Amino acid sequence: ERPVSYYEQVGGAPTMRALVEAFYPRVIEHPLLAPLFPEDIHPVMEKQEMFLTQYFGGPQLYTMREGHPRMRARHIRFPITPDRATAWLSCMQQAMDEVIEDSMLREQMMERLAMTAYFFVNTEEHEA
Ligand code: HEM
């Protein structure tokens, strides 16, 4: 028997879309995060939707289009401080609160994302 993925439990593709749409408006308004992102956020949203889909156990959309995620390496060119990881997670928490009803699932998904976000920290400096 196959365990049911987070992706399926929270409602699949429409939920991933809604999550990304709730998340990025917050990111581009956040003083610590905004300076890192391009003016046109839509390509980032598309890739994040594909990535989160597979990250939470859905179809491997990101890998099919972009190749091996190597997601920490893809973030190396951006100065990711602990404060920025916390800011990213706070935007994501708000997006999840808005989009995902089950608080237990939200908590488990946020726990996973927190490990990933702090793993992406690549500088202790506070810039921007
Ligand atoms: C891309 C920042 C954490 C997934 C990016 C970009 C920035 C960024 C600046 C590139 C935008 C561009 O294309 O110019 C951050 C910061 C984080 C963080 C400050 C704080 C820790 C995460 C986490 C995930 C993630 C935890 C996934 C769980 C992605 C994906 C992309 C991306 C999928 C697109 C990659 C691609 O171009 O193929 N991020 N990120 N990020 N980020 Fe993050």
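Please refer to the structure higher up on the page.
As the structure is a prediction and not an experimental result, all values here were calculated from the model.

(A) Main features of the overall build of the protein chain. Each helix and strand in the protein chain was counted, giving seven helices and zero strands. In the protein chain, the order of α-helices and β-strands from amino to carboxyl end is α-α-α-α-α-α-α. Whereas a compact globule of 128 residues would reach a radius of gyration of roughly 14 Å, the protein chain reaches 14 Å, a difference of no more than 12%. Expressed as lengths along the three principal axes of its C-alpha atoms, the size of the protein chain is roughly 45 × 30 × 25 Å. Counting every position in the protein chain, which comprises 128 residues, the buried fraction comes to 21%.

(B) Highlighting the packing of helix α2 (residues 13-27) against helix α3 (residues 42-55). Direction vectors running N to C along α2 and α3 enclose 130°, while the axes themselves pass 9 Å from each other. Taken together, the axes of α2 and α3 lie oblique to each other. For the crossing formed where α2 meets α3, the hand is right-handed. On α3, the residues touching Met-16, Arg-17, Leu-19, Val-20 and Tyr-24 of α2 are Met-45, Gln-48, Glu-49, Leu-52 and Thr-53. A class-by-class count of the residues in the contact of α2 with α3 yields six nonpolar, two polar and two charged.

(C) Summary view of the site of the ligand. Near the ligand lie 22 residues; those nearest to it are Leu-36, Phe-51, Ala-85, Trp-88 and Ala-117. Among the elements of the structure, α3, α5 (71-74), α6 (82-99) and α7 (103-119) are those that each provide at least two residues to the shell around the ligand. The dominant element in the shell around the ligand, judged by the number of residues it contributes, is α3, at five residues. Residues of the shell around the ligand, tallied by class, amount to 15 nonpolar, three polar and four charged.

About the cut-offs
- The written sequence of each chain sets the order in which its residues are numbered from 1.
- For this predicted model, a pLDDT threshold of at least 70 governs which residues receive local features, and a threshold of 80 or more governs which side-chain atom pairs are given and counted, while totals over whole chains, interfaces and linings are taken from all residues.
- Numbered from the N terminus, helices here are DSSP runs of H or I no shorter than four residues, and strands are runs of E no shorter than two.
- The atom set for the radius of gyration is the C-alpha atoms, and the globule formula is 2.2 Å times the number of residues raised to the power 0.38.
- Whether a residue is buried, exposed or partly exposed follows from its count of other C-beta atoms within 10 Å of its own C-beta, namely 20 or more, 12 or fewer, or something in between, respectively; the C-beta atoms are built from the backbone.
- Geometry is summarised by axes, namely lines fitted to C-alpha atoms with helices restricted to the contacting stretch, and by angles between N-to-C directions that run from 0 to 180 degrees.
- Each angle receives one of four descriptions, namely roughly parallel if under 35 degrees, roughly antiparallel if over 145, roughly perpendicular if within 65 to 115, and oblique otherwise.
- When the near helix sits turned anticlockwise from the far one by under a right angle, the crossing is termed left-handed; a clockwise turn instead gives a right-handed crossing.
- In this description, any two residues whose backbone-derived C-beta atoms lie within 7 Å of each other are considered to be in contact.
- Ten residues, namely Ala, Val, Leu, Ile, Met, Phe, Trp, Tyr, Cys and Pro, are considered nonpolar, four, namely Asp, Glu, Lys and Arg, are considered charged, and the remaining ones, Gly among them, are considered polar.
- To decide whether a residue is near a molecule or strand, its C-beta atom is placed from the backbone and checked for lying within 6 Å of it.

In short, geometric facts, not functional conclusions.
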